[in-house]
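Summary of structural features
Below are the chains, spelled out letter by letter.
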Amino acid sequence: MLPGLLISGLLAAAGLALAALPPLAERGISPLVIALLLGMVAGNLALGRRLGDPAAGLAFATRRLLRAGIVLFGLSLTLQQLFALGPWVVVLDLLIMITVLTLGYQLGTRWLGLDRETALLTSAGSAICGAAAILATESIIRARPAATAMAVATVVLFGSLAMLLYPLLYPFSGMSEGLFGIYIGATLHEVAQVVAAGEAVGPEALANALVVKLLRVMLLVPFLLLLARHWRRPSGHPGTPSTAPVPWFAFGFVAMVGVNSLVSLPPALHHGLVELGRIALTLAMAALGYETRLDRLRALGLRPLLLAAILFLLLLSLGWLASLLLLG
């Protein structure tokens, strides 16, 4: 596994270093996205072939390290945070998640003619928590690397656009600062983008946005459990059973939320574990990028981008309307 892990490690280290630079950090650019892009460049330029066959190490990163990173991500929120905003916030997040997932999958497969995997990955990234949701979903359905990379690219593009647009919309929204923060958390794609947009609006918006967003992250767990129960691969799919595996890492994620809620870990240990999870996810994204070939992305065409654009507009409008009706 050494060649693949070495390639992933070098790309992930570069992604983490670049994401820490002020111009990128101030814009909330995730190291996961940078690692994916660096991996795609390295993989398509065939860099690292002299190191040996990277397949085993890349598979370890995109499977084992990915799941470990998602488990440790559970240390980023507590149950107390979720209970603080009341039950209507849960209803808001559920409404948005279910609507975007359902309409996105139906539009993608029936209207745009996308394959099931690409439609589901793009919809999950928009509805739940961006790249992390896409990676977790991919670990269940075993999608092609090109479909996963395209889904990540679309949610990053429209999530970044929303991150810049939301602070400009705030004065015209008819919402208080706190309610607009809830709107941000319920509709923006990535956690980093939520932080950047909320901070641009104000401290109350930032606090509410982060809690609502982390609740959406929690909704990833029941989604994965339902997906594992009901997703069926086409008959004859090589080397895999007809049903998806049980996502045991989802239970690990819930367990870490419980630990973070009930146990006061030493700050250094807590920070170290959260960082370890972030590094594991970055390694997984770098490996995924390395396995992605541009010709396969071109074969997917513009339809995934169109689907993501439709879902972006749906999040923008549905989230605003639902926030005002349920919490305004």
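Above this text is the structure in question.
Calculation notes
As a convention, each chain's residues are numbered from 1 in the sequence order in which they are written. In keeping with the model being predicted, local features are shown solely for residues with a pLDDT of at least 70 and side-chain atom pairs are shown and tallied solely at 80 or more, while totals for entire chains, interfaces and linings include all residues. With hydrogens and water excluded, all non-hydrogen atoms of the structure serve as input to the side-chain values. A run of H or I in DSSP becomes a helix once it reaches four residues, and a run of E becomes a strand once it reaches two; helices and strands are each numbered from the N terminus. Only C-alpha atoms enter the radius of gyration; for comparison, a globular chain is expected to reach 2.2 Å times N to the power 0.38, where N is the number of residues. Classification of residues uses two cut-offs on accessible area relative to the type maximum, computed with a 1.4 Å probe and protein chains only: under 20% is buried, over 50% is exposed, and between them is partly exposed. Working rule for contacts: check all heavy atoms of both residues, and any pair within 4.5 Å makes them a contact. Note on areas: Shrake-Rupley with a 1.4 Å probe; residue coverage comes only from the protein chains shown. For Phe, Tyr and Trp, rings pair up if their centres lie within 6.5 Å, where Trp contributes its six-membered ring, and each pair is then called stacked (planes under 30 degrees apart), edge-to-face (over 60) or tilted (otherwise). Take a side-chain nitrogen of Lys or Arg and a carboxyl oxygen of Asp or Glu: if they are within 4 Å of each other, that pair is a salt bridge. For helices, the fitted axis covers only the stretch in contact; all axes are lines through C-alpha atoms, and the angles between them, taken along N-to-C directions, range from 0 to 180 degrees. These descriptions rest on fixed angle ranges, namely under 35 degrees for roughly parallel, over 145 for roughly antiparallel, 65 to 115 for roughly perpendicular, and the rest for oblique. Each residue is assigned to one of three groups, with Ala, Val, Leu, Ile, Met, Phe, Trp, Tyr, Cys and Pro labelled nonpolar, Asp, Glu, Lys and Arg labelled charged, and all others, Gly among them, labelled polar. Each helix should span, by expectation, one fewer than its residue count multiplied by 1.5 Å. For this analysis, a polar contact is any N or O atom pair within 3.5 Å, provided that within protein one partner can donate a hydrogen and the other can accept it, and provided that sequence-adjacent residues contribute only side-chain to side-chain pairs. By nonpolar core we mean a set of buried residues, namely Ala, Val, Leu, Ile, Met, Phe, Trp, Tyr and Cys, connected to one another through side-chain atoms within 4.5 Å.

With that settled, consider the overall build of the chain. Across its full length, the chain holds 16 helices and zero strands. Its C-alpha atoms give the chain a radius of gyration of 19 Å, near enough to 20 Å, the size a compact globule of 328 residues would have. Its C-alpha atoms give the chain principal-axis dimensions of roughly 60 × 50 × 40 Å. Residue burial in the chain is summarised as follows: out of 328 residues, 51% are buried. A fraction of 80% describes how many contacts in the chain between residues 6 or more apart in sequence connect residues 24 or more apart. Of the accessible surface of the chain, which amounts to about 14400 Å², a share of 71% is contributed by carbon and sulfur atoms.

What follows concerns the packing of aromatic side chains. All chains considered together, the criterion is met by five aromatic pairs. Ring centres of Phe 180 and Tyr 183 lie 5.4 Å apart, and the angle between their planes is 65°; this geometry places the pair in the edge-to-face category. You can see Phe 180 and its partner Tyr 183 sitting in helix α9 (residues 177–187), three residues apart, about one turn around the helix. No difference in accessibility class separates Phe 180 from Tyr 183, as the two residues are buried.

Even without glycine at this site, Arg 142 takes up a positive phi of about 55°. Positionally, Arg 142 belongs in the loop between α7 (116–141) and α8 (145–169). Arg 142 sits in the partly exposed class, given a relative accessible area of 27%.

Moving on, we come to the pattern of salt bridges. This structure, assessed with the given rule, holds two salt bridges. Between Asp 115 and Arg 144 there is a salt bridge whose closest N-O contact spans 2.9 Å. With Asp 115 in the loop between α6 (87–111) and α7 and Arg 144 in the loop between α7 and α8, this pair connects stretches of sequence that are 29 residues apart. Given a relative accessible area of 24%, Asp 115 falls into the partly exposed group.

This part takes up the packing of α8 against helix α10 (residues 191–201). Remark: α8 packs on α10, axes separated minimally by 8 Å, with the N-to-C direction vectors making an angle of 10°. Accordingly, the angle class assigned to the pair α8 and α10 is roughly parallel. Two secondary-structure elements touch here, α8 through Val 155, Val 156, Gly 159, Ser 160, Met 163 and Pro 167 and α10 through Gln 193, Ala 196, Ala 197, Ala 200 and Val 201. Counted by class, the contact of α8 with α10 contains eight nonpolar, three polar and no charged residues.

Here we take up helix α13 (residues 248–262). Its 15 residues give α13 an end-to-end C-alpha distance of 21 Å, which sits within 8% of 21 Å, the value for a rise of 1.5 Å per residue. Those residues of α13 not exposed but buried are Phe 249, Ala 250, Gly 252, Phe 253, Val 257, Asn 260 and Ser 261.

Note that Ala 119 resides in helix α7. Spatially, the C-alpha atoms of Ala 119 and Asn 208 are 30 Å apart, while their sequence positions differ by 89 residues. Each residue touching Ala 119, except ones within four places of it in the same chain, is listed here: Tyr 105, Gly 108, Thr 109, Leu 114 and Leu 307.

A few words on helix α1 (residues 2–19). The end-to-end C-alpha distance of α1 is 25 Å, a good match for the 26 Å that 18 residues give at a rise of 1.5 Å each. Among the structural elements, α2 (22–25), α3 (31–44), α4 (55–73) and α14 (267–291) are those in contact with the buried residues of α1.

Take the side chain of Ser 8 next. Tracing the backbone through its elements, the reader meets Ser 8 in helix α1. A distance of 2.9 Å separates a polar side-chain atom of Ser 8 from the backbone oxygen of Gly 4. Those residues in contact with Ser 8 that lie beyond four places of it in its chain are Leu 58, Ala 61, Leu 283, Ala 286 and Ala 287.

In this section: the side chain of Thr 154. Mapped onto the elements, Thr 154 comes out in helix α8. Its relative accessible area of 2% is what places Thr 154 among the buried residues. Engagement of the side chain of Thr 154 in a polar contact is seen with the backbone oxygen of Ala 151, the distance being 2.8 Å. Those residues in contact with Thr 154 that sit more than four places away from it in its chain are Thr 122, Pro 304, Leu 305 and Ala 308.

In a soluble, globular protein the nonpolar side chains are often hidden away together inside. Counting residues in each nonpolar core, the largest one holds 72 residues, and the members touching the most others are Ile 128, Ile 141, Leu 220, Phe 223, Leu 224, Phe 253 and Met 285. Broken down by element, the residue count for this core peaks at 15 residues, all from α7. Grouped together as the second largest cluster of nonpolar side chains are 19 residues, Phe 158, Ala 209, Ala 308 and Phe 312 included.

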